[in-house]
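What follows is each chain in one-letter form.
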Amino acid sequence: MRVILVCAGGMSSAIAAKSLREAAEKEGLSFEVHEASTQQFEEMVKKDYDLALVAPQIRHRFDTLKPYAEGAGIPILQIAPRGYSPIGGKFLLKQIKDEAPEVFE
Amino acid sequence: MFDRIAKFFDEKLSTPMARLAEQRHLRAVRDGIVATLPIIIVASMFMVIAFLPESLPDNWALSQFITEHQFKILLPYRMSMYIMTLYAVFGMGYSLARSYDLDGLSGGILSELAFLLTIIPVMIPEATEGIIEFAEGNAEVTEFVTSVPAGFHIPMPNLGSGGMFIGILSAFIAVEIYRLTQRSGFKISMPEQVPASIARSFEALTPTLIVLLLVSTITMWLEVDVHGMVTAVITPLVSASDTLWSVLLLTFLNSFFWVFGIHGASIVGSVARPLWLVLLEQNTTAYAAGEAIPNIAAEPLYQWFIYIGGSGATLGLAIALFVAKSKYAQTLARTSFIPSLFNINEPLMFGAPVVLNPTLIIPFIFAPLINAVIAWFATDVGLINRVVAIAPWTLPGPIGAFLATGSDWRALVLNVLLILLSTLIYYPFVKIYDKQLLEEEMSEEEAEDVVFD
């Protein structure tokens, strides 16, 4: 599964991405997580992703980013705060399962 | 009680304000300026190198080489950071056009056109024979006359931060005209068989004509000095941004947003960065000219003396967490210290969490404010150099402070002292929070014991 994770500058998302990848691996799921800055998102999201995730600290930009994900035809989720930390991968994975179960099909 | 107050502030204040910063014009300014940051950062390093001899012994070959070639070393800076508005305007126009779902490239080019039309080139005629004859016999005058280039010239400062606000207005006007012509259908449309790129260039003809006529009429025919007018309006704002009060206000606002988990730096920066860049560029210009540096509160002051480790001066928090006894805090300290060292603090913000944490938000608000007061006065009385360069924000604090002040060792020391101070400020609150975590962990273990009994 290809996931695009967007934050303000594309820096902190790398940490959350790693945590998510590890949590997914533990469950035998293969996640390819790419980080994007807000500016890169519009172009990057078009490149064959299955799911878009928005970092909690830029939740005020969610409405701006949403149309781009919809244009690419993929679900977009607002990451809950506790899922966005080096040890939050398992919470984030659970959130994805709860809110966008279709991506696992 | 805390939850209710927090919810109220989040719903009524921080989230609406954050949404406001997402307004398309503000966003365009932010995008345009953010796109020029790589140029500013790299050019800043040239600035640091050009003035390195001031911090090195005179007799080193390196110092002598740099001193001798300083003019040349600074030339790339002249063509990049010194004229940063020229670059930023394109990005602003691009972003604004994209936000209206218009062609970004045309938006950027139209903005650039509108901006450049506000600047009136000067024609310098070639020296006539009479002048050359007149100068003959005086070596100084002859050298000057022969070194003055003839032809059209544009004043470079207008392309720099001095023209920033005109640049912003130009991009807004150009793209709004572009949008209007597209909306109203007042444009030259091509039949469908014409390739998109060619059709696009025809579509841009009408807005180009309107922009060109409008701006040139104002600046070249009516001879309105738009740069002078905007400078008159902006100057008080720029001076106001260089006061301790505004530093404290911006520092507080940044923390305030983060308390609710919203990226404060990006919101405060959207509004303040154009002013910060004006302050910084006035500093670099003075620095390059060897004059006294005028301003204190450009962005690097915040980056390297107020938000060490990220908003809230959280490197102190990361260090203080190492004394914690709870398992959770220990894990967090291990995983978040390295990112904190490079000023990435989201792991702490959402991991500790600091966000909506009644204990940790107290030092989170006060540590940077205290840093701000100390850094302000240290700079004001000359204990450290004023900031003259933007160093990459992911550098560890002491190195960034050293570079941003034009390689001043004292700034490095101040940065380390401020890290220690913020650690002390966070320490008692970390102790309290750690105790809460320990109690939770204990009760969880007990609960598990019960289950296994």
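All values derive from a computational prediction rather than experimental measurement.

**With respect to the interface of chain B and chain A**
Okay, so step 1: Between chain B and chain A, the residue contacts involve 29 residues of the former and 21 residues of the latter.
Okay, so step 2: Here chain B and chain A share an interface that buries about 2,100 Å² over both sides, 61% of which is from carbon and sulfur atoms.
Okay, so step 3: Run the count over chain B and chain A and you get 3 salt bridges.
Okay, so step 4: Residue Asp10(B) pairs with Arg59(A) through a salt bridge whose shortest N-O separation is 3.1 Å.
Okay, so step 5: If you look at where chain B meets chain A, you find 8 residue pairs in polar contact (both at pLDDT 80 or more).
Okay, so step 6: Taken together, the elements giving at least two residues each to the side of chain B that touches chain A come down to α1 (2–20), α2 (24–50), α14 (264–288), α17 (327–341) and α18 (346–351) of chain B.
Okay, so step 7: The element contributing the most residues to the side of chain B that touches chain A is α17(B), with 5 residues.
Okay, so step 8: Here the side of chain B that touches chain A is composed, by residue class, of 13 nonpolar, 8 polar and 8 charged.

**Observations concerning helix α20 (residues 397–404) of chain B**
All names here are of chain B.
Okay, so step 1: Counting buried positions over the 8 residues of α20 gives 6, a clear majority of the element.
Okay, so step 2: Taken together, the buried positions of α20 are occupied by Gly397, Gly400, Ala401, Phe402, Leu403 and Ala404.
Okay, so step 3: Looking one or two places after α20, you find Gly406, whose phi comes out positive at around 70 degrees.

**Some points on the confidence of the model for chain B**
Interpretation of this model should avoid reading the predicted coordinates in detail wherever pLDDT is low.
Okay, so step 1: Chain-level statistics for chain B give a pLDDT mean of 89 and a share of 98% at 70 or above.
Okay, so step 2: With pTM at 0.83, the complex prediction returns an ipTM value of 0.78.

**A closer look at the sheet that holds strand β4 (residues 76–78) of chain A**
Residue and element names in this part refer to chain A.
Okay, so step 1: One open sheet holds the 4 strands; their spatial order is β2-β1-β3-β4, and the pairing between them is parallel. Taken across any chain shown, the strands that pair with only one partner, and hence form the sheet edges, are β2 (32–37) and β4. Put simply, the sheet's adjacent strands are angled 25 degrees from each other on average, direction ignored.
Okay, so step 2: In the packing of helix α1 (residues 12–26) onto the sheet, contacts are made with β1 (2–7), β2 and β3 (51–54), and the angle to β2 comes to roughly 165 degrees.
Okay, so step 3: Strand contacts of helix α4 (residues 89–99): β3 and β4, with the helix running at about 130 degrees to β4, the strand carrying the most contacts.

**Let's talk about the environment of Cys7(A)**
All names here are of chain A.
Okay, so step 1: With respect to the helices, strands and loops of the structure, Cys7 is situated in strand β1.
Okay, so step 2: Separated by 31 residues in the primary sequence, Cys7 and Thr38 have C-alpha atoms spaced 6.2 Å apart.
Okay, so step 3: Sequence-distant contacts of Cys7, defined by excluding residues within four places in its chain, comprise Ser12, Ser13, Ala36, Ser37, Thr38, Ala55, Gln57, Ile58 and Tyr84.

**Here we look at the packing of aromatic side chains**
Okay, so step 1: One pass over the structure, following the stated rule, counts 14 aromatic pairs over all chains.
Okay, so step 2: With a centroid separation of 6.4 Å and an interplanar angle of 40 degrees, the aromatic rings of Phe31(A) and Phe104(A) are classed as tilted. A residue pair is termed long-range when its members are at least 10 positions apart, and Phe31(A) in the loop between α1 and β2 and Phe104(A) in the segment after α4 qualify at 73 residues.
Okay, so step 3: Residue Phe31(A) is classed as buried on the basis of its relative accessible area, which comes to 8%.
Okay, so step 4: For Phe104(A), a relative accessible area of 31% gives the class partly exposed.
Okay, so step 5: Through a chain of ring-to-ring contacts, three or more aromatic side chains come together here, namely Phe8(B), Phe9(B), Phe252(B), Phe256(B), Phe257(B) and Phe260(B).
Okay, so step 6: Stacked on the ring of Tyr49(A), the Lys or Arg Arg2(A) has its end atom at 4.4 Å from the ring centre.
Okay, so step 7: Looking at Arg179(B), its charged tip hangs above the ring of Tyr100(B), at a distance of 4.3 Å from the centre.

Conventions adopted
Residues numbered from 1 in each chain as written. Chains lettered and ligands numbered in written order. Predicted model: local features only at pLDDT ≥ 70, side-chain atom pairs only at ≥ 80, totals over all residues. Heavy atoms only, no water. Contact = heavy atoms within 4.5 Å. Buried area = accessible area lost by both parts, 1.4 Å probe. Salt bridge = Lys/Arg side-chain N within 4 Å of Asp/Glu carboxyl O. Polar contact = N/O pair within 3.5 Å; in protein donor to acceptor, adjacent residues only side chain to side chain. Helix = DSSP H or I, 4+ residues; strand = E, 2+ residues; numbered from the N terminus. Nonpolar A, V, L, I, M, F, W, Y, C, P; charged D, E, K, R; others polar. Buried < 20%, exposed > 50% of the residue type's maximum accessible area, 1.4 Å probe, protein only. pLDDT = per-residue confidence, 0-100. Pairing = 2+ DSSP bridges. Axes fitted to C-alpha atoms, helices over the stretch in contact; angles between N-to-C directions. Phe/Tyr/Trp six-rings, centres within 6.5 Å; stacked < 30°, edge-to-face > 60°. Lys NZ or Arg CZ within 6 Å of the ring centre and 35° of its normal.

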